[in-house]
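The lines below spell out each chain.
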Amino acid sequence: MLERGDVVAARRRIGFDVPADDERFVVFQDDHLVATLPTVIVIPLDVWSARDVEDPLSLRVTRREAGTKQDMAARLTLLGARVADKLALHPTGRLAPSTLAELEERMRRVLGMP
């Protein structure tokens, strides 16, 4: 079962013109809701770039945390829901507690929550 802070890949599509890299997401939904709802609230990951350093709406996720070959950027403003069946059953990585805490703090600011 997926948990908050897990990094998960979208299930690969089969066919031509399918991207070689999996789409990756950070699970942001509460653990209890992940187990009961058919959708999962996630934050998409993208390749980290030098422009992301100054962007408060991007958070660096190390390659070790993401389970990728390069560091990734969590795109906070692209928070959204995905159908759970479209995500891999097992995480490819997990955010460190300090990264998850920073993600939660930034999301509070993005959503205007105290």
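Bear in mind the structure is a predicted one, so any value in this text is a computation, not a measurement. (Residues numbered from 1 in each chain as written. Predicted model: local features only at pLDDT ≥ 70, side-chain atom pairs only at ≥ 80, totals over all residues. Heavy atoms only, no water.)

Caption draft 1: Focus on the overall build of the chain. Check the secondary structure of the chain and you find three helices and seven strands. Seen in sequence order, the chain has helices and strands lined up from the N terminus as β-β-α-β-β-α-β-β-β-α. Against the 2.2 N^0.38 benchmark of 13 Å for 114 residues, the chain shows a C-alpha radius of gyration of 14 Å, consistent with a compact globule. Each principal axis of the C-alpha distribution contributes one length, and for the chain these read about 40 × 35 × 20 Å. Within the span of the chain, comprising 114 residues, buried residues form 36% of the whole. (Helix = DSSP H or I, 4+ residues; strand = E, 2+ residues; numbered from the N terminus. Rg over C-alpha atoms; globule rule 2.2 N^0.38 Å. Buried < 20%, exposed > 50% of the residue type's maximum accessible area, 1.4 Å probe, protein only.)

Caption draft 2: Here's a closer look at helix H3 (residues 97–111). If you check H3, its first and last C-alpha atoms are 21 Å apart, about what 15 residues at 1.5 Å a residue would give, namely 21 Å. Among the residues of H3, Thr-99, Leu-100, Leu-103, Arg-106 and Met-107 are the ones counted as buried. Buried positions in H3, seen along its axis, are confined to an arc of 130 degrees and lie on one side of it. What points out from H3, more than 90 degrees from its buried face, is the exposed set Pro-97, Ser-98 and Arg-109. Positive phi appears at Gly-112, one or two residues downstream of H3, with a value of about 70 degrees. (Expected span 1.5 Å × (residues − 1). Arc of directions from axis to C-beta.)

Caption draft 3: How the structure looks around the packing of aromatic side chains. Taken as a whole and judged by the stated rule, the model has zero aromatic pairs. Here Arg-4 stacks its cationic end above the ring of Phe-28, 4.2 Å away from the centre of that ring. (Phe/Tyr/Trp six-rings, centres within 6.5 Å; stacked < 30°, edge-to-face > 60°. Lys NZ or Arg CZ within 6 Å of the ring centre and 35° of its normal.)

Caption draft 4: Seen up close, the environment of Arg-106. With respect to the element layout, Arg-106 can be found in helix H3. A relative accessible area of 18% means that Arg-106 is categorised as buried. Leave out the neighbours within four places in its chain, and Arg-106 touches Asp-55, Pro-56, Ser-58, Leu-59 and Leu-76. A distance of 2.7 Å separates the side chain of Arg-106 from the side chain of Glu-102, its partner in a polar contact. (Contact = heavy atoms within 4.5 Å. Polar contact = N/O pair within 3.5 Å; in protein donor to acceptor, adjacent residues only side chain to side chain.)

Purely spatial values, then, with no claim about function.
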